[in-house]
Structure formats: C-alpha cells, structure tokens
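What follows is each chain in one-letter form.
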Amino acid sequence: MSKREPRVVIIGAGVAGIATAVTLQKAGFSDVTILEKGSDVGGVWHWNRYPGLTCDVPSQLYQFSFAPKPDWSHVFASGAEIQRYLHGVVDKFRLDVRLNAEVTAAEFTGSGWHVTTAAGGELDADFVIAATGVLHHPFIPDIPGLDTFEGEVVHTARWRDDITTAGRRIAVLGSGSTGVQVVSALQRDAAHLTHYVRTPQWVMWAPMGLPQPALAGAILKRVPLANRALYEALLQGSGILADIVTRPSWRRRVVQEYARLSLRAQVPDGVARRRLTPDYQPLCKRQVLSGSYYRAIRARNAELVGERIEQITPRGIRTADGQEREVDLIVLATGFQTHNYMRPMNLRGRDGLSIDDAWAKGPRAYRMTAIPGFPNFFTVLGPNSPTGSISLQYSAELTARYIVAWLKRFRDHEFDTVEVTEDATARFNDDVAAALGPTVWNTGCNSWYLTDEGNIDLWPFDRRTMTKLLAKPELTDFYLK
Ligand code: NAP
C-alpha cells in the first residue's frame, strides 16, 4: 500500500508552533498548516511589546536547536530581537502560516478533524496539534471603578505604540516578571510612578542589560562546533536549576540565600526592605530577575504601595487606607488567565466530548501531549509543560519529535486514529502529583502555576526523565484503530 501524507493543522505560531512545524518538515511531512490568531507570528513575543521587555533566559539557550543564532546582541535578548529571530526562522523554513486565523472550533469527525476559524475558514485535517501556550489571555482584574477611569489603561500584553509615558503620572499594578520589567523601564522618564504591589516578589539581581561581546558572536558563528558545544553546556547547566526547584537541597538553599542577599544589598533601608520582603520562600513563584528594579523603586519619583486597592476613581486609585493618588496612566501588569490553553475554542473530541468537560477538574494530559477522548490530537507545551527549569524550545522540539513518531505510523497505515488511554493518563498524573510534593513551588505561595483546583501545572521531573518519557510512543498506553 502506498504511503499517505497526513494533513496536519497546528494551532499557534509561537515558539511551540514554530518548533513543531519545523520538526515535522524536517521529518518529511509537507501538508502542515499553522493557524495563528494574531496578525503576526511569535506568540508572546508578538503580543508583548511593553517597554523594558527582555527575556530573562540567556539568549544562547532561548533558541531552537535547528536554528542556532550565535550573534545575539545581549546575553539576555530584548523582546524585539527575539521576535526578529522567530520571524527569520519562519521565513527560512518557509512555514505555511495563516495569520489572523483564530480557531474557534475543532471537532473530531470520527476519522479526523474539522477546524473552523473566526473568519469562517474551514479545514479538514487528520491531526490537530495545539501549540497555543499558557500566557496569552490577559488577566484584567475586577477592581471596582476600573471602567470609570478617565485616563488611559493598558494591559502590558496589549501595549500600544501610541502610549506616551514620559512626563506622566503612572500607576503599575502587579509585581511579577512583567511588572518588575515595566517599572524599571518607565520610572526614569515618568513624572511619577507608583507601583501597587499586592504581594512582594523575590527579585534576584542579574545583569539583564549585559551586551554579548561582538567578538564572541563572531567566533561562535565561524565555529559552529563551538556554538553547539555552548548550547549543550547551557542545556546541561539548566539541569542544575531543575534539580534546585524540584528537590530540597543545599543547592536550593544557596540560591534562595542569593535572592535574600539581592534584596539586602540593594535596599539598605530597613523600612523599605521590610515592605519589599515576601513572606514565602524564594523560587516558590516564577523567579523574577532584574538588575534595576530596586534602584527604580527607590528613586525620588517612585513609590511602592502595598495597601490594598479599594477603588479606581475617574482620576486615580484609592487604597484601603483612604488615600487617593491621581494618575494619568494605569498599566496592568496583572498577568494572564493561565491554564486555559486552547480554550475558549469549542474543542470537541470523540462522541462530542468538550474540552471543558474533559478538563472540568483542571487541565490534564498524558506526558504533556495527549488527552483521553481526543484522538489524533496533541498538545505541544501543554499541561505540565515546564516553565522556568527546562528550555521551552527543547521541550517543544522533543514533543514534536514524539508526535512525528505517530505521524510516521499513520503514514505507514498502522492506524487511522490514535487515542491515549484514561489509565495511562491517570498513572502519569499520579506520578506528577507525587513528584510535585518536594518541589519549591509547593512551599506555600500563591502563583500562576496553580490551577483553580490548587494543582501545580508544571513539570516536576528533570530533563533526562522528560527525554525518556517522550523518546518513543508506548503502544500499550494508546488505543489504535
Ligand atoms: P504574574 O507573574 O502572574 O504576575 C501578576 C501580578 O499581578 C502579580 O503580582 C499579582 O499579584 C498581580 N495582580 C493580579 N491581580 C491583581 C489585583 N486584582 N490587584 C493587584 N495586583 C494584582 O504575571 P506576569 O508578571 O505577566 O508574568 C507571567 C509570566 O510571564 C512570568 O512568570 C514568566 O513566566 C513570563 N514572563 C517572562 C518574562 C521573561 O523575561 N522571560 C518576562 C515577563 C513575563 P499576586 O502575586 O498577589 O497574585
């Protein structure tokens, strides 16, 4: 029997979608279409353009293994430079990306998938791969009076180029990685900046503005072997981080002490320091890195407000102590509705099962990628996908190679549909729950890692385990028809 070419739809043209499309292409699959809801590729790097946007993962690691870029301008690249890189990869591999094509529905037909976009486009596919990410639905807090504010309000993930910040009175809400970056960037030119901090974060000092020496880039470009060796060394090195966050040890304590030292050394004033000191362990929330935040917040034109916000008024913000501060611009660095993954899409699997029903108790998948009830459907950087300890690109490429193994079997007529069993999924999730116990994320803080049900939606194992679990499909964990 001749081989058949699977028709594949990938949802999302961010890091995960691009990694998947190139991996499939390299494995010889040609009928691959990426549907992207945005007006450009890049995912978070397209949507996030706020001042100060920098990636706090070293650039030499924040890249695909199949598209090395030795010549980053900085050790920690800016959002704009990463976006140019992603563009370059999409162009180089001539990926078939349809922009402004938001998938509103994907329904399993019994043998494949019928996909519908917001603009009314319809596609039939043998496989659907959701590479939709976690951090893409901005979270707008429900603060009384927000709609009555007469100045400007912007969420950091929807920054507009026409927003003026210099000389204005700015309020920033939120103290995660985004809030810290945007405060550092806006404080200098603002007339006044107020940082509303509901929960202080540990902010580790790091040289975020450090340029990468041009000579180093030139050498790495001329000697690809050296470049590869550096990438491998960084991957190995990041294993230390996985060890630190997943198991209590002296190494964890050293890193946590460094976080405390970062605060002590940069904020000598005891009163200010107390207000900036979190009441939970460093590393429990997604760790924030900055070389400039503490300087910015201690500047004369800046103020840290820890009082609860009671009301947004037409002219400013009133806190629980009754004080109202007038502002011109409110910047919401309030994060995302995480754990939505592909929702609110109308995703329906076998027998009409909706993803909302399948995930009524929170998002869950087998080894980050397969969901019971959803045949011929995979996620890349799906539930339990690692954040903060293992390279996203590594995980996405690894998962994509795992999916390739299934596509090859489909091409060879070994099955028409493949669906993970409930048993295998439950076993995997039990292992995850047990392994999450000693992680630092489970030491008593509230973070976006937690689902509504209180589960930690992260990868609690090391990279070697991930590589092993996704090395090849275990046929007994699946129904093949
Ligand atoms: P985040 O970490 O979820 O932080 C949201 C912030 O908003 C928190 O400080 C939260 O306070 C605050 N907040 C939420 N609702 C509020 C309310 N009603 N009133 C007052 N404050 C409120 O979001 P993020 O900073 O955008 O970061 C999300 C993730 O994006 C990061 O953890 C990271 O993974 C990624 N990121 C990465 C980089 C990078 O450099 N690689 C840069 C930016 C973002 P509570 O803590 O009290 O909930």
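Please read these numbers as outputs of a predicted model, since none were measured by experiment.

**Here's the deal with the overall build of the protein chain**
So, point 1. Across its full length, the protein chain carries 13 helices and 21 strands.
So, point 2. Scaling as 2.2 N^0.38, a compact globule of 481 residues should have a C-alpha radius of gyration of about 23 Å, and the protein chain matches this with 23 Å.
So, point 3. Dimensions of the protein chain, computed from the C-alpha atoms along their principal axes, are close to 75 × 50 × 45 Å.
So, point 4. A total of 481 residues make up the protein chain; the buried ones form 55% of that total.
So, point 5. Sequence-distant contacts, at least 24 apart, represent 72% of the contacts inside the protein chain between residues at least 6 apart.

**A few points about the site of the ligand**
So, point 1. Around the ligand, the surrounding shell holds 22 residues, and the nearest of these are Thr54, Thr178, Thr199, Lys285 and Trp448.
So, point 2. One of the side-chain N or O atoms of Thr199 is found 2.4 Å from an oxygen atom in the ligand.
So, point 3. Notes on the ligand: free accessible area 910 Å², of which the protein chains cover 86%.
So, point 4. Here the shell around the ligand is built from residues that sort into eight nonpolar, 10 polar and four charged.

**Digging into helix H12 (residues 422-436)**
So, point 1. Here H12 contains 15 residues, and its C-alpha end-to-end distance of 21 Å stays within 8% of the 21 Å for a straight helix at 1.5 Å per residue.
So, point 2. Taken as a whole, H12 has its buried residues at Ala424, Thr425, Phe428, Asn429, Val432, Ala435 and Leu436. Axial view of H12: buried residues confined to an arc of 130°, hence all on one face. The exposed residues of H12 that point more than 90 degrees off its buried face are Asp423, Asp430, Ala433 and Ala434.
So, point 3. Contact partners of the buried residues in H12: strand E20 (418-420) and helix H13 (463-469).

**Notes on the packing of aromatic side chains**
Remark: the centre distance and the inter-plane angle together describe each pair of aromatic rings, the angle taken between the planes.
So, point 1. Tallied over the entire structure, the rule returns 21 aromatic pairs.
So, point 2. Consider the rings of Trp72 and Tyr85, whose centres lie 5.2 Å apart with planes at 55°: the pair is tilted. With Trp72 in the loop between helix H2 (44-47) and helix H3 (79-92) and Tyr85 in helix H3, the pair connects residues that are 13 residues apart, well separated along the chain. Considered together, Trp72 and Tyr85 belong to a single accessibility category, that of buried residues.
So, point 3. Through a chain of ring-to-ring contacts, the aromatic side chains of Phe127, Tyr366, Trp406, Phe410, Phe415, Phe428, Trp459, Phe461 and Phe478 assemble into a single cluster.
So, point 4. A cation over an aromatic ring shows up here: Arg4 above the ring of Phe410, its NZ or CZ 3.7 Å from the ring centre.
So, point 5. Over the face of the ring belonging to Trp202 we find Arg260, whose NZ or CZ atom lies 5.8 Å from the ring centre.

**With respect to the environment of His87**
So, point 1. As for its placement among the helices and strands, His87 is situated in helix H3.
So, point 2. Those residues in contact with His87, other than ones at most four positions away along the chain, are Asp40 and Val41.

**Focus on the sheet that holds strand E3 (residues 97-98)**
So, point 1. Reading across the sheet, the five strands line up as E3-E2-E1-E7-E19 and stay open at both edges, with parallel pairing between neighbours. A strand with exactly one partner marks an edge of an open sheet, and here the two such strands are E3 and strand E19 (377-379).
So, point 2. Sheet topology note: the strand E7 (residues 127-130)/E19 ladder contains three bridges and is parallel. From the neighbouring strand, Ala130 faces E19, where its bridge partner is Thr379.

**A few points about the domain arrangement of the protein chain**
So, point 1. Each assigned domain of the protein chain is listed here: domain 1 (8-137 + 338-480) and domain 2 (146-201 + 285-332).
So, point 2. Between the C-alpha centres of domain 1 and domain 2 there is a distance of 33 Å.
So, point 3. Tallying the contact residues gives 15 residues for domain 1 and 15 residues for domain 2.
So, point 4. Here domain 1 and domain 2 share an interface that buries about 1400 Å² over both sides, 52% of which is from carbon and sulfur atoms.
So, point 5. Of all residues in domain 1, the largest losses of buried area upon contact with domain 2 belong to Tyr50, Pro51 and Asp56, amounting jointly to 41% of the total for that side.
So, point 6. The tally of links from domain 1 across to domain 2 stands at one salt bridge.
So, point 7. Among the salt bridges present, the one from Arg286 reaches Asp56, with a minimum N-O distance of 3.0 Å.
So, point 8. The tally of links from domain 1 across to domain 2 stands at four residue pairs in polar contact (both at pLDDT 80 or more).
So, point 9. The residue inventory of the side of domain 1 that touches domain 2, partitioned by class, reads seven nonpolar, six polar and two charged.

**A closer look at the nonpolar core**
So, point 1. Core analysis: the biggest nonpolar cluster contains 112 residues, and Phe64, Val89, Tyr293 and Val331 have the highest contact counts within it.
So, point 2. With nine residues, the top contributor of residues to this core is helix H11 (residues 392-411).
So, point 3. Three or more residues apiece are contributed to this core by two domains, here domain 1 (8-137 + 338-480) and domain 2 (146-201 + 285-332).
So, point 4. With sequence-adjacent residues up to four places away left out, Val89 is seen in contact with Ile18, Val22, Phe64, Phe66 and Ala67.
So, point 5. Within the second largest apolar cluster, 24 residues are counted, among which are Ala101, Ala106, Met342 and Ile355.

**Comments concerning the pattern of salt bridges**
So, point 1. On inspection of all chains with the given rule, the structure shows 27 salt bridges.
So, point 2. Arg364 is the salt-bridge partner of Glu422, the closest N and O atoms lying 2.7 Å from each other. Pair noted here: Glu422 is in helix H12 and Arg364 is in the loop between helix H10 (355-358) and E19, with a separation of 58 residues, a long-range link.
So, point 3. Arg364 gets classed as partly exposed once you look at its relative accessible area, which sits at 23%.
So, point 4. Three or more residues are tied together by salt bridges with common partners; here these are Glu152, Arg160, Asp162 and Arg168.

Reading the values: the criteria
- Residues numbered from 1 in each chain as written.
- Predicted model: local features only at pLDDT ≥ 70, side-chain atom pairs only at ≥ 80, totals over all residues.
- Heavy atoms only, no water.
- Helix = DSSP H or I, 4+ residues; strand = E, 2+ residues; numbered from the N terminus.
- Rg over C-alpha atoms; globule rule 2.2 N^0.38 Å.
- Buried < 20%, exposed > 50% of the residue type's maximum accessible area, 1.4 Å probe, protein only.
- Contact = heavy atoms within 4.5 Å.
- Near = heavy atom within 4 Å.
- Polar contact = N/O pair within 3.5 Å; in protein donor to acceptor, adjacent residues only side chain to side chain.
- Areas by Shrake-Rupley, 256 points an atom, 1.4 Å probe, with all protein chains shown as cover.
- Nonpolar A, V, L, I, M, F, W, Y, C, P; charged D, E, K, R; others polar.
- Expected span 1.5 Å × (residues − 1).
- Arc of directions from axis to C-beta.
- Phe/Tyr/Trp six-rings, centres within 6.5 Å; stacked < 30°, edge-to-face > 60°.
- Lys NZ or Arg CZ within 6 Å of the ring centre and 35° of its normal.
- Pairing = 2+ DSSP bridges.
- Domains from an automatic or database assignment.
- Buried area = accessible area lost by both parts, 1.4 Å probe.
- Salt bridge = Lys/Arg side-chain N within 4 Å of Asp/Glu carboxyl O.
- Core = buried A, V, L, I, M, F, W, Y, C linked by side-chain atoms within 4.5 Å.

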